Amino acid sequence: MTRGRIRAKFRRSSLYTFATCRRPHTSDEEETTCLPVQGPGYSRVVQCNQPYLHEIKPLKYCTNYISTTKYNFITFIPKAIFEQFRRVANLYFLLAAALSLTPVTPFAPLSVIAPLVFVVGLSMAKEAMEDWRRFVQDMKVNLRKASVHKQDGTFGPMPWMKIRVGDVVKVEKDQFFPADLLFLSSSYEDGICYVETMNLDGETNLKVKRALEVTQNIEDDSSLKDFSGTIKCEDPNSSLYNFVGKMEYDCKVYPIDPSQILLRDSKLRNTAYVYGVVVFTGQDSKVMQNSTKSPSKRSTIEKQMDKIIYILFIVLVVMSVMSSIGFIMKTKYDLPNWWYLQVPDHEHLYDPQQPLQSGFYHLVTALMLYGYLIPISLYVSIEVVKVLQAHFINKDIHMFDEETGTPAQARTSNLNEELGQVDTILSDKTGTLTCNQMDFIKCSIAGIAYGTLPSDVELAAAEQMVMDMDGQGKRGMPQSVEKGCEFVKSDIQLETVVTAKDDMLKHPIKGFSFEDKRLMSGNWFNESTADNILLFFRILSVCHTAIPEQNEETGTYTYEAESPDEGAFLIAAREFGFELSKRTQLGVHVRERYPSYEDPVEREYKVLNLLDFTSKRKRMSVIVRDENDQILLLCKGADSIIFERLANGGKEYLDVTTTHLNDYGEAGLRTLAIAYKKLDEAEYNAWNDEFNRAKTSFGSDREANLERVSDMMERDLILVGATAVEDKLQKGVPQCIDKLALAGLKIWVLTGDKMETAINIGFSCSLLRQGMKQICIAVNPEVFVSNESSVEEGILKQITDGFQMVKQEKDPHAAYALIIDGKTLAYALEDDMKHIFLRLAVECASVICCRVSPKQKALVTRLVKEGTGKITLAIGDGANDVGMIQEADIGVGISGCEGMQAVMASDFAIAEFRFLERLLVVHGHWCYKRIAQMICYFFYKNIAFGLTIFYFEMFAGFSGQSVYDDWYMLLFNVVLTSLPVISLGVFEQDVDSEVCLQFPTLYQQGPKNLFFDWLRIFGWMANGLYASLIIFFLNIIIFYDQAFRASGQTADMTAVGTAMMTSVLWAVNVQIVLTMSHFTWIQHVLIVASIATWYLFLLVYGELRHALEVNAFRILLEILAPAPIYWSSTLLVTVVCNLPYFAHISLQRSLNPLDHHIIQEIKYYKKDIEDGRMWSRERSKARQKTKIGFSARVDAKIRQLKGRLHKK
């Protein structure tokens, strides 16, 4: 294809009055006014349409290939080995494996080296498998196709990874930009295009970009055949909002500013196509500059496990030193008398003449002999358990999104237990909490409220009150209150039934959830305030910047609006009978069903001026001339801004509208005030002349002049009414946030959106609520320029004052929200202020950071993680969230429709935010308790087993002789006790998933670390010490000097060792049975199989030739099995070993039960089925006190309703 598409003649840039679309100067004036592009940081040179020049020095730049993997084919072996030997135990066993090749080893080398190779190899294989998944997802992005110029005026497909600096790329509507591009031209005549940057900064509204004026006349593919130019610009950096550069083209120099740069991973919208030249590729692109390398994350439990191993290693060294001292004494004083034990000793391992040297050799032997205190199979068992846990997370049908067919994905299994210990969640907003859709639900016109559908908050509050009243009964209630309660119950129940019925009958309209017959189908003609209603509808249909697009098949219109709010207003206006049908260079056309609803009339409103919405202005206005030649200013904006601009005669409906707005706010709706004023010709002309002078001026004061002139016009307004739209959160978001809040988690929102949008979202998802006190920390933009030195002091004062206010609060129900913008946050994150800022943030119920860059998101996450010392979880869906996802202890990516960058950088991926509830409250809770109990049990069984070897040394003259056969010791951890403990880590449940969700406060057992604190760890160690004493000394006492066979023989070392090992296996397996709360057939089989395998091994081993060499021939069949004392000693030792733990859990459940103990008892006796009221009461008692979330909002509403009832 050599020709481009027909270029649209509509010059959209005329719609905008502020700086976004300001055209640049040209020629020499530009060259003198633009910043010089030279020196350090400004060395990049790009030869347009000559990409081959950038593959050789000095212009050799990186490729467009991107990677988020931890390893590559070269670094895998060294990096993975380093990861494995960061673990303390593995280092110890590596040393032991080396020493096993020397004469001092008490074991055969194979018995030491084989387990280490198996453990490390399995762990490395798991790492390779997980990194391979990341590589596959990277390649999905790298192999995306882009249309690239072929040097002959034609374009062809090329994978993203092969795009080079200097390539000219053609991007079509709804495609992502494959690299950072300099915008050359678009399908529109004036070089305008619309870009969605949600992946970069979280903003949903479209950004207007403009091409270089000198290149905007490139109309089709063939025009680029001979195109060339040189770009000189800044070096790669992470600033998304700044760009300094110039382009040399046709012997002239043209400045380049940020509005001409199209960033990688943003999306082209509302524009057929654009041409751009590649400036930054791959890791040099701004989105990748904002990301960091995939970090190696280790869970808190694993780090604490290292400390336990340090403690055990110290115990091991102490035991070895004691053993070595004993050996020195025996060698020096007793060995000369034991002439019958002396054998050739060429290595001087036990030389009475050199006892210290022999003692040193024995120290090495003892370090290896007692090494069973440190479980080598612990790490590999944990790896197996975590992989199986991750498999169950992946296969959880309740986290499968049917709409997109996307399951949950545990991209790394190293952090499963961290999911159960999260303290703070840091969430992106756009695409994570919201789905970028607004629904028009209520409005207030001329002091009359319209819209009958109740909000979710109102319904939930009423239902909770009804439940409370039913639960309490009416005993002791005053009769008036009782009647009031009956009224509330019947009213709400009736409203709920009617609403549900209407919802089933009516087909939903996207963006419009309004219901009120007074305004629908032309019924508003009969209202007493019909003139105001007409004006209200006209403002909705005219005051905007949207562009209608007609569907040729259906004839209906869709609207491409800069924000979801505008789209919802236009859909509402259409449903009310005022349909925007056309926008031209001069105005808008609206099909009005007025004065007759059946016969629509198309009316044109000539747009004279458009005063844009900005975060500072908090309003937008349009000045139009209607068909009656009347000039009108139509305005919509934040109520606080509009109300202060009302004329004295325009406040007729102010009080009642304010009441309605407060009600809408309590219901979690986003509100705007609607106003207008009439202008006479002379007044308008005088203002317009001044406005045009400000608009066409250049210099640093242009924006201030525009704002000043706009403010002059937007005065003396007349209030018409207000709108209330529901910000369509993703499905289940409010309920998920509520459940997480009840689970005791803190939630921060970090968004690139403007403050107002973020605050409204906060209200929608109940992070903010009516009555919550907001601490807004912001600095006027002018201050940053005019008085930079005092900015930091002002911010510090705001933070300090806010902290004092929170600390001095007396009301127990009072809740504070901290809201801060990006510019202010940059100061708050500096070293001298960040800890004060964090103290304030931690004291607040919710924190919202607005207009933050990706780097700031990562810095805030790091501050919370390091400043609080608690587990953080970051969740997002776009490339702008990658930094914080990688910085947090746990990163969760939303696998939405906006690319896969967040998923590729994440540890866990889910399809929607609502699945985070189950991921944390169910899987997180289970995984934490499973891993914690598993590790504690592992140390218990190894201490119980390993110390018996030490005790025997004291009876064997510290000779280094083990009471157990080498094969017993090799099989103990790897085979005989591995599967039951793995089943504990995979299948254990204190309560089922439904109970986890009904009692979210159970989650707090993780953040409080109830099951892996030092008290519990040392308790399990003490249990292991006790078991080792019982196992060894009871067996020694029983077998020491009495005959145990019918023929009168006493037990030899092999018989005692085998009996002792039998007791160990029975004791530790009964212990794991007492530890488990939830049994499946798998656990029964594995525990029984563990013991059965031991007896089967003894049968087989006793028949082998090797058994003759170690005096174990038919050890079970002929020696132990026929002896009753063998079986009775096993039973006695097993019972005595487990009595203390049994007594402990019995007393705890009786006297000081934990939450899950109570729930288990209720479930066991089926009280949850037989006594629903008691079950509800227990659920209510177990709720974590929270000041955010739906429940907090409902509680506040209940307090309000109860207050009203008592007043009545």
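For the chain, an unreviewed UniProt entry supplies the name Phospholipid-transporting ATPase and the organism Salvia splendens. What UniProt states about the chain under its Sequence similarities (unreviewed entry) heading is, verbatim, "Belongs to the cation transport ATPase (P-type) (TC 3.A.3) family. Type IV subfamily." Annotation of the chain in UniProt includes, under Subcellular location (unreviewed entry), the sentence "Membrane".

Draft legend 1. Representation of the overall build of the chain. A tally of helices and strands in the chain yields 40 helices and 33 strands. Here the chain holds 1208 residues, and 58% of them are scored as buried. Taking as baseline every contact in the chain between residues at least 6 positions apart, the subset at least 24 positions apart corresponds to 76%. Total accessible area on the chain stands at roughly 50,900 Å², and carbon and sulfur atoms take up 57% of it.

Draft legend 2. Structural view of the sheet that holds strand E13 (residues 273-280). Read from one edge of the open sheet, 6 strands run E3-E2-E4-E13-E5-E11, paired in antiparallel fashion. A strand with exactly one partner marks an edge of an open sheet, and here the two such strands are strand E3 (155-159) and strand E11 (261-262). Note that strand E5 (residues 180-186) and E13 share 6 bridges and pair antiparallel. Note that in E13 the partner of Leu181 across the bridge is Val278.

Draft legend 3. Spatial organisation of the UniProt feature "active site" (unreviewed entry) in the chain. As recorded in UniProt, the sites labelled "active site" (unreviewed entry) are Asp428. Take Asp428: it is sitting in the loop between strand E15 (422-427) and strand E16 (434-445). Asp428 gets classed as buried once you look at its relative accessible area, which sits at 0%. Apart from residues no more than four positions distant in its own chain, Asp428 is found in contact with Leu433, Leu750, Thr751, Lys857, Ile875, Gly876, Asp877, Asn880, Asp881 and Met884.

Draft legend 4. Expanded view of the packing of helix H29 (residues 978-987) against helix H32 (residues 1053-1075). Between H29 and H32, the shortest axis-to-axis distance is 10 Å and the interhelical angle comes to 10 degrees. Compared by their axis directions, H29 and H32 come out roughly parallel. Only Asn1069, Ile1072 and Thr1075 of H32 make contact with H29, whose side of the interface consists of Pro980, Val981 and Leu984. For the contact of H29 with H32, a count of residues per class yields 4 nonpolar, 2 polar and no charged.

Draft legend 5. Layout of the side chain of Ser285. Tracing the backbone through its elements, the reader meets Ser285 in the loop between E13 and helix H6 (286-289). Take Ser285: its relative accessible area is 0%, and that puts it in the buried class.

Draft legend 6. Layout of the pattern of salt bridges. This model, assessed by the stated rule, comprises 48 salt bridges. For the salt bridge of Arg574 with Glu575, the shortest nitrogen-to-oxygen distance reads 3.3 Å. The class of Arg574 is partly exposed, set by a relative accessible area of 22%. Glu602 serves as the salt-bridge partner of Arg591, at 3.6 Å between the closest nitrogen and oxygen. Taken together, the residues span a long stretch of sequence, with Arg591 in strand E21 (residues 587-592) and Glu602 in strand E22 (residues 601-611) at a distance of 11 residues. When salt bridges with common partners are traced through the structure, they connect Arg619, Glu644, Arg645, Glu707, Asp711, Glu714 and Arg715 into a single cluster.

Draft legend 7. Molecular detail of the nonpolar core. Among the nonpolar cores identified, the biggest contains 110 residues, and Ile935, Phe945, Tyr964, Tyr968, Phe1012, Phe1044 and Trp1094 are the most heavily contacted of them. No other element matches the 18 residues that helix H27 (residues 915-955) contributes to this core. Once residues lying within four places of it in the same chain are set aside, the contact partners of Phe1012 are Ile301, Gln304, Met305, Ile308, Tyr928, Ala932, Ile935, Cys936 and Ile1017. In terms of nonpolar packing, the next biggest core, distinct from the first, is built from 60 residues, Val422, Val892, Ala911 and Phe915 among them.

Draft legend 8. Structural context of the packing of H32 against helix H36 (residues 1124-1151). Between H32 and H36, the shortest axis-to-axis distance is 9 Å and the interhelical angle comes to 30 degrees. The orientation of H32 with respect to H36, classified from their angle, is roughly parallel. Pair H32 / H36 crosses with right-handed handedness. Here H32 contributes Ala1059, Thr1062, Ser1063, Trp1066, Ala1067, Val1070, Gln1071, Leu1074 and Thr1075 to the contact with H36, which in turn contributes Tyr1126, Ser1129, Thr1130, Val1133, Thr1134, Cys1137, Asn1138, Tyr1141, Phe1142 and Ile1145.

Draft legend 9. Broad picture of the sheet that holds strand E31 (residues 871-876). Reading across the sheet, the 9 strands line up as E14-E33-E32-E31-E15-E27-E30-E29-E28 and stay open at both edges, with mixed pairing between neighbours. What marks the edges here is a single partner per strand, and that holds for strand E14 (409-410) and strand E28 (773-777). Sheet topology note: the E15/E31 ladder contains 5 bridges and is parallel. Its bridge partner lying in E31, Val422 is registered against Ile871. The strands that H27 touches are E15, E31, strand E32 (890-894) and strand E33 (908-910); relative to E33, the one it contacts most, it runs at about 140 degrees.

Draft legend 10. Spotlight on the environment of Thr406. Within the element layout of this structure, Thr406 appears in the loop between helix H9 (377-394) and E14. If near-sequence neighbours (up to four positions away) are discounted, Thr406 is found in contact with Met399, Phe400, Asp401, Ser895 and Ala911. A distance of 2.8 Å separates the side chain of Thr406 from the side chain of Thr404, its partner in a polar contact.

What counts and how
- Residues numbered from 1 in each chain as written.
- Predicted model: local features only at pLDDT ≥ 70, side-chain atom pairs only at ≥ 80, totals over all residues.
- Heavy atoms only, no water.
- UniProt positions renumbered as here; feature names shortened; annotations may be inferred.
- Helix = DSSP H or I, 4+ residues; strand = E, 2+ residues; numbered from the N terminus.
- Buried < 20%, exposed > 50% of the residue type's maximum accessible area, 1.4 Å probe, protein only.
- Contact = heavy atoms within 4.5 Å.
- Areas by Shrake-Rupley, 256 points an atom, 1.4 Å probe, with all protein chains shown as cover.
- Pairing = 2+ DSSP bridges.
- Axes fitted to C-alpha atoms, helices over the stretch in contact; angles between N-to-C directions.
- Parallel < 35°, antiparallel > 145°, perpendicular 65-115°, else oblique.
- Nonpolar A, V, L, I, M, F, W, Y, C, P; charged D, E, K, R; others polar.
- Salt bridge = Lys/Arg side-chain N within 4 Å of Asp/Glu carboxyl O.
- Core = buried A, V, L, I, M, F, W, Y, C linked by side-chain atoms within 4.5 Å.
- Left-handed = near helix turned anticlockwise from the far one by under 90°.
- Polar contact = N/O pair within 3.5 Å; in protein donor to acceptor, adjacent residues only side chain to side chain.

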